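# Summary of the model geometry
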Amino acid sequence: MKSNKVRKVVKRVVIDFFMVGALITTLFPIFWMVFTSLKSNNDILVGHMGFTRKANSISTIVKAGDKIHFGSEDGFIGQVNSDNTIKSIFDVRKYRGMSAVQKDGNILFSHSYGVSSIDPFTDKQKLLVDYENVPWKYRHNIRSTKIVSVNGKFYVGKVLVKTESEEETSYKGAEGFEGLQVFNESMRAIGSLDTADNLLSTTIYDMQSDGQYLWIAQPGGVSVLDPATDKVIAQYTEEDGLTVESIKSISIVGKLVYVAGLNKVFKIDFEADKVTALLLPPVIPQINAIVADSENVFIGSSNGFYVFDLKNDQILTKYRDQDVYWNIRSMRIDGNDIWIGTDNGTVIKLDKSDDYQVGFRAQIRTGAYDIRWENYLDMWENISFGTYLKNSILICSITVLFSLALSTMAGYALSRFRFPGSVLFSTSILSVNMIPMLLFLIPVYLMFIKIYDVTGIQFIGTYAGIVFVYSTFFVPMSIWILRSFFVSIPIDIEEAARIDGCSRWGVFWRIALPLAAPGIIATGIYLFLVAWDELMFATILLPQENSFTIPLGIKLFIGNHQNRFDLIMAASTVATLPVLILFFLVQKWFIKGLTAGAVKG
Amino acid sequence: MIEKNSKFIQVGLALAAFSMLSGSQAFAKRLDQAAAAPAAGSAKNVKVIRMWVMPNSPRPVKDLEKLLKGFEKTHPGIKVEVTSVDWGAALTKLTTAAISKQAPDIAQLGTTWVGVISATNALEDLTPRAKAMNASQIFLPASWSTAGLQGSNKVTSIPWFVDARALYFRTDVFRKLKLTKADVDDWAKFEATLKKIKDAKLVINGVEIEPLGVPGKNDWNVLHNVAPWIWASGGDFISPDLKTAAFTTPASKEGVKFFIGLAAKGYIPRSSLELNTAQVAAKFNEGDYAMYFDTPAQIKLLETPYEKGGAGGSLTAQNYDVALYPKGPKGRFTFFGGSNLAIFKSSKNKDEAWQVIQYLTSKEAQLSYAETTGFIPARKDCFEDPYFTKDPKRKIFTEAIKYGRTYPTISAWGPVEPILMRHIGIIWDNAAGVYGKYSPKIVDSQLEKTRKEVNTLLKDSR
Amino acid sequence: MATVSLKTRVYKNRHAYYFILPTLLGMLLIHFVPMVQAVYMSFLGLNQNTIGLYLAAPFVGFEHYKDILFNPDSLIRISGLSEAARNTFIYTIVVTFGTIFVGLIVALMLNRKFKGVAVFRTLFILSWVVPQYVTGLLWNFMWQRDVGIVNYILVNVTGLLNEKPFWLIGPNTLWAIIIPTIWRGWPFNMIMLLAGLQNIPETYYDAAKIDGASTLQQFRYITWPLLKPVWAILIFFGLIFNVYSFNIVYMMFGLGAGYPGEWGDLLMTNIFRATFSAWRYGAGAAACVILMILMITIVLIWDRIFQDEITVQK
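Quick look at the structure, then.

Rules and cut-offs
- Residues numbered from 1 in each chain as written.
- Chains lettered and ligands numbered in written order.
- Predicted model: local features only at pLDDT ≥ 70, side-chain atom pairs only at ≥ 80, totals over all residues.
- Heavy atoms only, no water.
- Axes fitted to C-alpha atoms, helices over the stretch in contact; angles between N-to-C directions.
- Helix = DSSP H or I, 4+ residues; strand = E, 2+ residues; numbered from the N terminus.
- Parallel < 35°, antiparallel > 145°, perpendicular 65-115°, else oblique.
- Left-handed = near helix turned anticlockwise from the far one by under 90°.
- Contact = heavy atoms within 4.5 Å.
- Nonpolar A, V, L, I, M, F, W, Y, C, P; charged D, E, K, R; others polar.
- Pairing = 2+ DSSP bridges.
- Patch = residues over 30% accessible without salt bridge, like charges linked within 9 Å, V, L, I, M, F, W, Y side chains within 5 Å.
- Areas by Shrake-Rupley, 256 points an atom, 1.4 Å probe, with all protein chains shown as cover.
- Salt bridge = Lys/Arg side-chain N within 4 Å of Asp/Glu carboxyl O.
- Lys, Arg positive; Asp, Glu negative; His and termini not counted.
- Charge placed at Lys NZ, Arg CZ, Asp CG, Glu CD.
- Buried < 20%, exposed > 50% of the residue type's maximum accessible area, 1.4 Å probe, protein only.
- Buried area = accessible area lost by both parts, 1.4 Å probe.
- Polar contact = N/O pair within 3.5 Å; in protein donor to acceptor, adjacent residues only side chain to side chain.
- 1 Å grid on protein atoms, 1.4 Å probe; cavity = no way out; pocket = protein on both sides within 12 Å on 5 of 7 lines; lining within 4 Å.
- Points joined across faces, edges and corners; volume = space filled by probe spheres on them.
- Core = buried A, V, L, I, M, F, W, Y, C linked by side-chain atoms within 4.5 Å.

The N-to-C vectors of helix α6 (residues 422-432) of chain A and helix α2 (residues 14-41) of chain C enclose an angle of 45 degrees; their axes lie 12 Å apart at closest approach. Compared by their axis directions, α6 of chain A and α2 of chain C come out oblique. The element α6 of chain A and its partner α2 of chain C pack so that their crossing is left-handed. Of the residues in α2 of chain C, those in contact with F425, I429 and V432 of chain A of α6 of chain A are I20, T23, L24, M27 and H31 of chain C. Its residues assigned to classes, the contact of α6 of chain A with α2 of chain C shows six nonpolar, two polar and no charged.

Residues and elements named next belong to chain A. Strand order in this open sheet of four strands is β9-β10-β11-β12, and the pairing throughout is antiparallel. Strands at the two margins of the open sheet, each flanked by one partner only, are β9 (142-150) and β12 (189-193). Strand-to-strand twist in this sheet, taken as the mean axis angle between neighbours without regard to direction, amounts to 20 degrees. When β9 meets strand β10 (residues 153-160), the two strands line up antiparallel, connected through eight bridges. Looking at the pairing, I147 lines up with V156 of β10.

Moving on to a positive patch on the surface. A contiguous patch of positive charge, built from R7, K8 and K11 of chain A together with K209 of chain C, is present on the exposed surface. Among the elements that take part in the positive patch, helix α1 (residues 2-37) of chain A stands out by supplying three residues, more than any other. The residue R7 of chain A is located in helix α1 in this model. Here R7 of chain A falls in the exposed class, since its relative accessible area comes to 63%.

Each partner contributes residues to the interface: chain C has 96 residues there, and chain A has 97 residues. For the pair chain C and chain A, the two sides together bury roughly 9,000 Å², of which 81% comes from carbon and sulfur. Between chain C and chain A we count two salt bridges in total. A salt bridge links D533 of chain A to R184 of chain C, with the shortest nitrogen-to-oxygen separation between them at 3.5 Å. Applying the counting criterion to the chain C and chain A interface returns 12 residue pairs in polar contact (both at pLDDT 80 or more). Per element, the largest residue contribution to the side of chain C that touches chain A is 19 residues, and it comes from α2 of chain C. Here the residues of the side of chain C that touches chain A are counted per class, giving 71 nonpolar, 19 polar and six charged.

Turning to the layout of surface pockets, a few remarks are in order. Considered as a void within the structure, the second largest pocket measures approximately 1,400 Å³ in volume. As for the second largest pocket, its lining consists of 29 residues, of which K11 of chain A together with L108, N111, R112 and T215 of chain C are closest to the centre. Looking at the lining of the second largest pocket, the elements with two or more residues in it are α1 of chain A together with α4 (81-110), α5 (117-129), α8 (172-198), α9 (202-210) and α10 (215-226) of chain C. When residues in the lining of the second largest pocket are grouped by element, the largest group, six residues, is from α1 of chain A. When grouped by side-chain class, the residues that make up the lining of the second largest pocket number 15 nonpolar, six polar and eight charged.

Residues and elements named next belong to chain A. By the element assignment, N288 lies in strand β21 (residues 287-292). Separated by 3.0 Å, the side chain of N288 and the backbone oxygen of I328 make a polar contact. Apart from the residues lying within four places of it in its own chain, the contact partners of N288 are K248, S249, G300, S301, S302, N327, I328 and R329.

Within the secondary structure layout, E132 of chain A lies in the loop between β8 (125-130) and α3 (136-140). Taking the C-alpha atoms as reference points, E132 of chain A and G114 of chain A, separated by 18 residues in sequence, lie 8.1 Å from one another.

Turning next to the nonpolar core. Of all hydrophobic cores here, the largest spans 246 residues; its most connected members are F448 of chain A together with M190 of chain C. Per-element tally for this core: the top contributor is helix α8 (residues 463-488) of chain A, with 16 residues.

Quick look at the structure:
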């Protein structure tokens, strides 16, 4: 008796195990679809199964006291100790786009939440400027910040990125959050500057002070600001020979200012008001940072480290090919040491006196997980997905209404009457299912054109045409399903109603229909699913893009020139959602409907 | 319970009945207005030109509409309505459009389709108009040769942009192995280079470098990928008299065997054989391959930032260059594709449509569209623009055009292409090793089958 | 009954005609007229040169039919029609019975009393709600050799295989289309079978238990025979839907970019390509007609086998 009980329990556990296993297997592809839609296309194509972490770019390197400090884009501030270890002095992931300047032995870090002060010895930190009142979307869009102090004033510039726009543009932020903000010694905001104040743009890539003026690197060129008056006193743009779209980095040596952008470096002699381009070989791609001393300009490009010899006016080629492909983001020169921060979070020290050998190298933690909610935005941007979704929903709902109207009547007739021709009718309903849809494609298309020629009613590219075709095509199957529901409803009630003087139509309307409700809903869902899925007729009958349904539109993501798996999966998820919601809303009736009538057939 | 349900159903059915009884014609009309209002012409005096294009750029419709804004400003009476049709369905849609009178006014046609769609007699004869604009002198000769059905002397389409292929390679890989552009100049050197890269087993940025990426059968370009190798070895697809197939000449076979043999020898990784061109390109951008062949549109992609779906800023984007196809025993060839614009006979606004075409083939519009899409303009004078002369990579493509060759624009080419694609696909599958060990004999037998089938087809269509 | 005249019978049932009239009109326009045209098309030499003429194209009689059935070198056959037919045959059989098999097993699991049965039942149906085109796109991506999750699970996670197999080229392609179709299709069968199971009176099993029948015997002698009406219908649905399966293959293989391969092509995709990419309208129509006749024959055979269980109204 006992063993029997044990056996029963074991059996139960085994079956439960398999059932849960089957459920997981079934749901996994759906999960995978949603999961993939949040990954970056690169991760998908390269085959990273999980989310990868973003690189944590070293955006700033400063010296405070006698130690080098650096800040990363993803909220990490580290200090390089004398024993060549890295000490984390601040690590908050939500703070993005670190930039730093030192002030009274403390370090001021500007970031996406404001400006913090950190004492490098005690690690005490304080939020001096809080962007709390700035709307979230502006703060969220901060890519990087820049802070510089001149003459007791502090200037904070930002790169705001508006991802949904056509191009990477700066734009006017909220009140008091314009391109360049000015703070006094006690970090109280005393003003802000934007394009109205003659800045070239509100985007600020780099700022350096020559002791007197503030040099601002921007899209379009360089602005020179006099901190005494907060007025732009000079500007260097394409007209002056800065032939690149934007200036990304500035380095000042004595009276000479070096600026760099894309693949060019320029020397600006402010006193002589002269711009000269340094002769760089075309192999250098995007330059992100430069520092200079009296003999050399050190170029940090996205393809590594270059030394430009000012005396001979050439790149010292032997330092060109590094084994490691450094995508250099920031640089600092400190006596004989050149500090380099790379895009993937490596801090490197090169020793100038030792033939630029790597003297120190450390890797900081990675950035945040690369979860791309913006895939869903991109998807709506890239194609007119909204239109397709609207079309699909409208076409399918109207189709369901029409087909249900037709098929309930016909199904009822077949179940209640044995009229002459009923056999022929039911046989033909059954047999039209055996005709491949493909066969109809050309004739239906041409027939619609004939109809247009004769009557002027347009059926191609309109809802009317596609709804007409769909509802007629799906009717036979639904008649067939519905007939069995009506058969399963006892006829006695109807007969009683007839005796009470109810008309045929009244019986159908008031008695048969309500009784068959679960069946009708089940059929409706079924129809909606089939219509939602239809591809062949839609291809032919909906030629204009404003009438596309989802399956037609979704194909635009795969083409000769692109393969956006991420967007396809996002679109697939959105395409599945309406049917899923519909299904959940009526699933109770649906299952009841299917289980009630169909099987008794 | 029943009562609750019945209410629900009554509402539903009342709705259904209402929509039915409200008169299907009025209903249809209302829906028409919703769905196809622009097609019917929204304003009295504005003529709407419907235009179908393929996804030539990541935002096909928006990019073209942006270009056409310039046109609509100077031609206030014309509005161009652009629809994007994916390549997979384009032929189906164009075919059905060709047999109806409801075709768009202007359609983009792949150059290889011009023959077959011209044969349906659905395209407007543009000969006089083309003569008036001196088109035969304006466009690249190779491109102009695709303007109509071969041998008919009729112009049915106007070249829009062209599309030549070249070899993209990683300069960092080449530098490391002390290779230069000259090392991919001809077949022997090309193979030696591939071997060198394979043997070196380089790992850059944690990715092991495979020598060459080539898509297998799951691609639109199956044929375009093989064609240059067939031509370069002296072979061809169809005999010069256009009457018989020519794949089984020793030269053609040699070309196919050389190219497919690269996969069998392991220079093309097996995994690349199930990808399509876009996927191979993405993997090249990711740093997986040292080389692969593609159109100039890829340059554009490598310049587009990562956030916008491009590969700009990637390691590859900073370390790549372009070279011509390797020279074969019988010369250097590249597949020369592209798209033409045609006006359908059924169009009611032919003059306006022609104005649109004229605008799109003007030098400014050609250059502007080339910059958005990355393709090469079909006009000769565009190549003098700094956009091409100053960019060493784009310059290669203007050079590649000189070696461009295309398929015969005969009406039978439409049906020939699927046959070739199928058999070359089977050859690729064999090279992938899914049917056991690959042997060059499979190439022979498949090409023999292809020849037979194409011959039947050519005989039939004459 | 027999003595009642036709006229009276029609009059007596006049309401039935009102009820079926809208359907009848629609079917006449969308089914009957185009079908007649299409069958006529199959006798015409319709190709890229003659399509402009449509029904006035040259009449070629039964040539297309002869080509399809007897001439392996004919233009319609050379695009892989026979391979497609073979694939469709295997595909239909495996998918039809596979969905019933999986559906039955899960239905048996759910036909027990336990907490949360309704939740399980709902969750199990979810894969059926996923549209077919999404299924094609999704699984295409899951089947990728290097970056697909399937090979990752098979090789990297579980270590069932040593080397990553190709799914989208070679003979495996057939499985690459069969498995997603089963995944998408079985929940429907499960629901139907579950309904059938719940209609079997408990008393049958009680009686069997008293007789000492094992679980297997109970299934063999009670469950399976009593479910016959259900699975007979499911076979019928399965045959029709799977022979005419199109979306999954079309979306999975480069969106019609190329040839899905000797093992990935189905009849519908093949004929679709032959019609629209190779411009063989007439022959394509003929192939469809042959397929249709074949299907009707199969359904008639099905009807003969199951006529006792299924009351297809005659």
